[in-house]
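One-letter residues, chain by chain:
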Amino acid sequence: MIIGTMAPPISGAGSGEKLGCVGALVVLQELVRLTAPPASEQEICEQGLALIGRGLRVRGGVLFLDSEARTSPASVFGKVDVASLRGLAERAARSAEIVEGSGAPGDGPTERVALGLPGAERPLGALVLEGPGTWDDETRALLKSAASILGAALQSALMLKESRLQGELLAQRNVELETLRELAAGIHEQAGEEEILQAALDLVLDKLNLTAGWIFWGEASRRKLELAASRGVDEEFVRRSRAEGIGDCLCKDVFETGRLRMARNTVDCPRLPDLVCEGKPMTHACIPLKFERGTQGVMNIANRSGQLFTGQELQFLETVGHHVCLAVDKARIAGAEARRNSEARALADENARLYREAQDGLLRLQQAQDGMMQAERLATVGTLAASLAHEIRNPLNSISLQLVLLSRRLKKLGDPVQGEVSSLIESARSEIGRLDALVEEFLSLSSVDRLTLAGARPDEVVREVMSLMIPVARQQGILVVEDLGVTLPMIRVDREKMKQVLINLVRNAIEAMPRGGTLTVSARVADGSAVIAVADTGVGIEPGLDIFGFFTTTKKGGTGLGLPIARRIVEGHGGTLSYESRTGRGTTFTITLNTGAGASGEFMAEPEA
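None of the values given here were measured: they were computed from a predicted structure.

Chemist: When you look at the overall build of the protein in this model, what are you seeing that I'm missing?
Modeler: If you tally the helices and strands in the protein, you get 13 helices and 19 strands. For the protein, buried positions account for 39% of its 609 residues. In the protein, once contacts between residues fewer than 6 apart in sequence are set aside, the share between residues at least 24 apart is 66%. Just so you have it, the protein exposes about 33,400 Å², and 53% of that area is on carbon and sulfur atoms.

Chemist: Help me understand helix H3 (residues 82-93) in this model?
Modeler: Note: α-helices contain 3.6 residues per turn, so residues at a spacing of three or four share the same orientation. With 12 residues, H3 extends 16 Å from end C-alpha to end C-alpha; this agrees with the ideal 16 Å at 1.5 Å per step. Of all the positions in H3, only Val 82, Leu 85, Arg 86, Leu 88, Ala 89 and Ala 92 are classed as buried.

Chemist: Can you walk me through the sheet that holds strand E18 (residues 586-594) in this structure?
Modeler: Sheet strands line up and pair through hydrogen bonds in the backbone, either parallel or antiparallel. The 5 strands lie next to each other as E13-E15-E16-E18-E17, forming an open sheet whose pairing is mixed. Each of the sheet's edge strands pairs with one partner strand only, and the pair in question is strand E13 (478-483) and strand E17 (576-582). Strand-to-strand, the axes of this sheet are offset by a mean angle of 15 degrees, without reference to chain direction. As judged from the 6 bridges shared by E13 and strand E15 (residues 517-526), these two strands associate in the parallel manner. Bridging across to E15, Asp 483 finds its partner in Ser 522. Together, E13, E15, strand E16 (529-535), E17 and E18 form the strand contacts of helix H12 (residues 495-511), whose direction differs from that of E18 by roughly 165 degrees. Contacts from helix H13 (residues 562-572) reach E17 and E18 within the one sheet, and its direction differs from that of E17 by about 135 degrees.

Chemist: Please clarify how the confidence of the model for the protein should be interpreted in this entry.
Modeler: Low pLDDT marks regions whose predicted coordinates should not be analysed in detail. Residues at a pLDDT of 70 or more form 73% of the protein, whose mean pLDDT is 76. Here residues 1-16 is a poorly scored stretch, pLDDT under 50, and it has 33 contacts once near neighbours within four places are set aside; other chains count. Contacts of residues 597-609 to residues separated by more than four positions or lying in other chains number 39 contacts, the stretch itself having pLDDT below 50.

Thresholds, definitions, all that
Numbering of residues starts from 1 in each chain and follows the order in which that chain's sequence is written. Local features in this predicted model are restricted to residues whose pLDDT is 70 or higher, and side-chain atom pairs enter the listing and the counts only when it is 80 or higher, whereas totals over whole chains, interfaces and linings include all residues. Side-chain measures were taken over the full set of non-hydrogen atoms in the model, leaving aside hydrogen atoms and water. Runs of E in the DSSP output that reach at least two residues are strands. Runs of H or I that reach at least four are helices, and both are numbered from the N terminus. With a 1.4 Å probe rolled over the protein chains alone, any residue whose accessible area is under 20% of its type maximum counts as buried; one over 50% counts as exposed, and the rest are partly exposed. We call two residues in contact when some of their heavy atoms are within 4.5 Å. The Shrake-Rupley method, run with a 1.4 Å probe, gives the accessible areas here. Residue values count only the displayed protein chains as cover. The length a helix should cover is 1.5 Å for every residue beyond the first. At least two bridges found by DSSP between two strands are what make those strands a pair. Note on geometry: axes are lines fitted to C-alpha atoms, helical ones only across the stretch in contact, with angles between N-to-C directions running from 0 to 180 degrees. Per-residue confidence from the prediction method is given by pLDDT, with values spanning 0 to 100.

And the structure:
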């Protein structure tokens, strides 16, 4: 490549004249000026050869650089046969001295002089001059000085060029490292594959200051690619690719071979100009996205129009592709782990549900068995109680009749005898009454499962019971408090059996306060239920005592049947009977009846009379 031209001679010097000291200094000063930045390598070659040629008044000259010594010269001065000077230049590049040579036959008396251009480690090239006359010592000294200065200028330019390239390379490396750092932080936060691919593509384009890119994705086994991410691409191409696939293109070859390619749209991808750059020639890199199981996609990055990707840039894009694959693998592993955890939680929940259902079923079965056993026991006890009551009441009736007759006869006896015997008769009658009440309580076991339901207000039933029991309580010195101000809703109950329950609870409360106390009876509505409470301030119930078990009693001479029968009757109405007690502080029994419920179904409801 010829980048130098013939320059006019220095003013005041004619052909064949000696340069002189002043002229030599001017040449050297001009050459020194070339060593200062920002003179480029081309400028130094072109202007340096011209200065030397003009200063030494040669007919012509050629400047060969070491990398071009065997091809084209770096600069040419005047009209010379470049080919005939190349051999002399090669000899001079290997020598530290001036090499002389003769001109070609027929050229006249021409002398050629060549001198290597010194460099830091090796000669940078050679300078060959051709001209008439004789080369004296002064001219040779000037040539050496000029060659040294020219070599220093070229060495300085090369160093600046290398430094600039290193700076650009370092800056590019910094951009690449920052891109990879952000890529690792950004795409690994994405959950889905398409989100990862789009985030990676956007980041690469932003960091490289490019505008267009797209990623095709697929399975190697299916040998089919689909558009997964894009930016700066024609919308019609995006729509068609998502609907119909990408068709035949270079990406399929990259996908199948797993080898990176740099495509030129004039040769490899003719449709690219219409996609991203309005018909201008351009290149794009096709980077395979490779996994251990095979290639699963191709990332395409379009370069600026008219520019090629460097090897370093392609290597960087391959590294980006590797990070994308790592992020996709991580997302897949995390997704699989999440699915396994979800399935494990679902299985654990299902097992827990089945366990709870099994427990509930077992509890219901136990309750049903307990209920059946209790019903059987009640039926047996009821049958036995009815039989015993029949057998006991007949003798009791006979004894009671005899006592009446005996009492009549006593009236005919004297007063001292009549008074003593009458006292014995009254004691016998009292015991007969107690036995009759006991028989009546036993008889209730035979009828506890039969209810006669009719509409009634629970508070009215409470008032009826309290009208009977208040005198009894007051005789025991007990203060009675009634809290019946609220009218309860009408519900279906067996009025007599509910009175039996309440009488039993109130009597128990009175008997629990032999030295007096306070009896409180209340009725209210709570959470859709009628709630009746009977509270005393008596001795309380010992913890752990099963007062609702048959034949459990704390009273002397008690049967232990009252509370179990009462609870059975309340449960037959679909309600509950519970209690709270504090030893020495008193007990509260609570009846809860659903205002919308009748009998629970465990009892046989008899029609209203």
